[in-house]
Each structure stands twice: as structure tokens, then as C-alpha cells.
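Here is how the chains run, residue by residue.
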There are 2 protein chains.
Amino acid sequence: MDVRALVGINVQRLRRGRGLTQLELSLQSGFTRAYLSGLEAGKRNPRLLSLERLASVLEVQIEDLVRRSKSGFGSSDGG
Amino acid sequence: MDVRALVGINVQRLRRGRGLTQLELSLQSGFTRAYLSGLEAGKRNPRLLSLERLASVLEVQIEDLVRRSKSGFGSSDGG
DNA sequence: CTGTGACTGCTAGTCCGTA
DNA sequence: TTACGGACTAGCAGTCACA
């Protein structure tokens, strides 16, 4: 699981959780809709301040964007 | 407190905690020493994958890099 | 309402020298 | 051991058009 995909999933979940469309989030965050689409798809490598901006609009901490959802706990990162 | 400064502080603390110099961290992470210097000073805006790389070398999660140290809890962000 | 490809401008990150 | 600045390269942010 790529971190980018992880962030994408979290953003989409958070966005939908707040009943927002990509368009609405784009308006509030200042990012374009097309960019958010790619972001949620895990195809983008956002900057720290971009993450901050997103977290702010979604009313969460940055750590909530990079945190793994619990669908299997413990990283099987053997090395 | 800027997020960039926050990350910088965390990186420096974690690095020193592991007894590493900037040079050693640069070797292990692949980033240049000059860059790490600016990063720890909070002057850089790293990308998500860069954060991941740093966290990996420091053996922590990305969230540990963006998390606020508890030196006064509660953001007075009235928002 | 959302995903994708080509394009342009900006900047993250590199390399080198100095204090 | 670390901080700072300038020129350079590669990759990303952001846009438009199409489905």
C-alpha cells in the first residue's frame, strides 16, 4: 500500500463523510477538481503545506490523512 | 507554529535521538546534507514521499513527523 | 458527479563553497 | 557538526477538454 494511495483513501473518506463533492472541496481548499481526483486516486505526491491545507478544510490533523485505516492492524513491514 | 517548523523540529529530535549526524542521515535517506539543514530549520516544504522516506529511516510513522510535541495542548485555533 | 492526458509555471531537491 | 546562498534539474501543482 502506497502512502499516496493511503492519503487518497483518507481524503475521499473524509470528504464524503462531510457530504462534500470534489467540486465543493476544490472550492474550499483552493485545489482544482481535477487535482483532487488524481489525489484521491493515489496518483499525486502532495507537499506538506498542501496536506496541511487539505486537513484544515476537512477539519482534521495531517496525521489523520496519513494514518492507516484499521482494516488489518500492525504493519507487516518486515523490512 | 508552522507545520514545516514542526516537522523540522521532529526530524531533528528523532535524528539526535538515534545518535545520527545530518551527514549520516543524509547518507541513509538519500537527501543531501544541505537539504536536511533547511528542513530542520523549517524552511522546506517536503513532499509526501519525502516524508515517507524520512520516516522510514528514522523508524517512525509519518504521523510522528507531523505530530505536535505536547508542550501545551489544545490548538487555540478558533477557526 | 468523477476520471484522465497533454501542457506550462513553479519549486522541491542537488551540488558546491564559505563561515 | 551545522547554517546559508546561487545555479541547475526533475517532478509536481494547477488548467482545459473529453468521456
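Residues numbered from 1 in each chain as written. Chains lettered and ligands numbered in written order. Predicted model: local features only at pLDDT ≥ 70, side-chain atom pairs only at ≥ 80, totals over all residues. Heavy atoms only, no water.

A. Examining the protein's contact with DNA strand C more closely. Contacts to DNA strand C come from 17 residues, most closely from Q22, S37 and K43 of chain A together with Y35 and S50 of chain B. Near-protein atoms of DNA strand C (within 4 Å) split between backbone and bases, with sugar and phosphate holding 76%. Contact distances for DNA strand C include 2.4 Å between a phosphate oxygen and a side-chain N or O atom of Q22 of chain A. G30 of chain B places a polar main-chain atom, nitrogen or oxygen, 3.2 Å from a phosphate oxygen of DNA strand C. At the level of elements, α3 (33-40) of chain A together with α3 (33-40) of chain B are the ones that each hand at least two residues to the surface near DNA strand C. Sorting elements by how many residues they give to the surface near DNA strand C places α3 of chain A first, with 3 residues. Split by residue class, the surface near DNA strand C holds 5 nonpolar, 7 polar and 5 charged. (Near = heavy atom within 4 Å. Polar contact = N/O pair within 3.5 Å; in protein donor to acceptor, adjacent residues only side chain to side chain. Helix = DSSP H or I, 4+ residues; strand = E, 2+ residues; numbered from the N terminus. Nonpolar A, V, L, I, M, F, W, Y, C, P; charged D, E, K, R; others polar.)

B. The protein's contact with DNA strand D, seen in detail. Taken together, 15 residues lie around DNA strand D, and F31, T32 and Y35 of chain A together with Q22 and K43 of chain B are the ones closest in. Here the atoms of DNA strand D within 4 Å of the protein split so that 81% fall in sugar or phosphate, with bases taking the remainder. Contact between DNA strand D and N45 of chain A: a phosphate oxygen at 3.2 Å from a main-chain N or O atom of the residue. Residue assignment for the surface near DNA strand D shows that the elements contributing at least two residues are α3 of chain A together with α3 of chain B. In the surface near DNA strand D, the residues fall into 4 nonpolar, 5 polar and 6 charged.

C. Representation of the environment of S26 of chain B in the model. All names here are of chain B. Following the sequence through the fold, S26 ends up in helix α2 (residues 22-29). The spacing of S26 and V57 is 31 residues in sequence and 9.9 Å in space, taken between C-alpha atoms. Here L23 takes part through its backbone oxygen, which lies 2.5 Å from a polar atom of the side chain of S26.

D. Structural detail: the pattern of salt bridges. Using the criterion set out here, one finds 12 salt bridges over all chains in the structure. A salt bridge links E63 of chain A to R67 of chain B; its shortest N-O distance comes to 3.0 Å. Of this pair, E63 of chain A sits in helix α5 (residues 62-66) while R67 of chain B sits in the segment after α5 (62-66), each in a different chain. Among the ionic pairs, D64 of chain B bridges to R67 of chain B, the shortest N-O distance being 3.5 Å. The class of R67 of chain B is partly exposed, set by a relative accessible area of 33%. (Salt bridge = Lys/Arg side-chain N within 4 Å of Asp/Glu carboxyl O. Buried < 20%, exposed > 50% of the residue type's maximum accessible area, 1.4 Å probe, protein only.)

E. Structural detail: the interface of chain B and chain A. If you look at the interface, chain B gives 15 residues, while chain A gives 15 residues. Of the roughly 1500 Å² buried between chain B and chain A, counting both surfaces, carbon and sulfur atoms make up 66%. Our count for the contact surface shared by chain B and chain A stands at 2 salt bridges. Here chain B is connected to chain A by 8 residue pairs in polar contact (both at pLDDT 80 or more). Every element with two or more residues in the side of chain B that touches chain A is listed here: α1 (3-17), α4 (48-58) and α5 of chain B. Considering every element that reaches the side of chain B that touches chain A, the biggest residue donor is α4 of chain B, with 4 residues. A breakdown of the residues in the side of chain B that touches chain A according to their chemical character gives 8 nonpolar, 1 polar and 6 charged. (Contact = heavy atoms within 4.5 Å. Buried area = accessible area lost by both parts, 1.4 Å probe.)

F. Summary view of the relation of the copies chain B and chain A. After a rotation of 180 degrees and a shift along the axis of 0.0 Å, chain B superposes on chain A with an RMSD of 0.0 Å. One copy is carried onto the other by what is essentially a two-fold rotation axis. Looking at chain B, 100% of its interface residues are interface residues in chain A too, so the copies touch through the same face. (Least-squares fit on C-alpha atoms with pLDDT ≥ 70 in both.)

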